[in-house]
Amino acid sequence: MTSAEQKKLIEELKYKTSKMVPKDKYDYEMFVKRDKDDEDLDSLSMKRLRELHAKYSGKK
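Keep in mind the model is a prediction, meaning the values are calculated, not measured.

J.: Describe the packing of helix H1 (residues 3-13) against helix H2 (residues 22-36), and please don't skip the residues or the numbers.
T.: Between H1 and H2, whose axes approach to 11 Å, the crossing angle comes to 135 degrees. One finds that H1 runs oblique with respect to H2. In the crossing of H1 with H2, the sense of the turn from one axis to the other is left-handed. Residues Gln6, Lys7, Ile10 and Leu13 of H1 touch H2, and the partners they reach there are Tyr28, Phe31, Val32 and Asp35.

So, in structure tokens, the structure goes:
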């Protein structure tokens, strides 16, 4: 996954943090910090980010 896709997923989740359970919110905050540092996520982290996105964004 490219960094543009990574940023898009993180941006879309930004407005869903109030609905997140504490563990999911912690994971999301770590993704935000890594994104600010311009780090590319590894495959396990990308899988977790996609899971969060699917869980909280739902179908459009």
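Let's pick the thread back up.
J.: Give me the lowdown on the packing of H2 against helix H3 (residues 43-57), citing residues and values where you can.
T.: Describing two packed helices takes the angle between their axes plus the distance from one axis to the other. Direction vectors running N to C along H2 and H3 enclose 125 degrees, while the axes themselves pass 11 Å from each other. With respect to H3, the axis of H2 lies oblique. As H2 runs across H3, the sense of the crossing is left-handed. For the pair formed by H2 and H3, the contact residues are Lys23, Asp24, Asp27, Tyr28, Phe31 and Arg34 on the first element and Ser45, Arg48, Leu49, Leu52, Lys55 and Tyr56 on the second. Split by residue class, the contact of H2 with H3 holds five nonpolar, one polar and six charged.

Cut-offs and rules
- Residues numbered from 1 in each chain as written.
- Predicted model: local features only at pLDDT ≥ 70, side-chain atom pairs only at ≥ 80, totals over all residues.
- Heavy atoms only, no water.
- Axes fitted to C-alpha atoms, helices over the stretch in contact; angles between N-to-C directions.
- Helix = DSSP H or I, 4+ residues; strand = E, 2+ residues; numbered from the N terminus.
- Parallel < 35°, antiparallel > 145°, perpendicular 65-115°, else oblique.
- Left-handed = near helix turned anticlockwise from the far one by under 90°.
- Contact = heavy atoms within 4.5 Å.
- Nonpolar A, V, L, I, M, F, W, Y, C, P; charged D, E, K, R; others polar.

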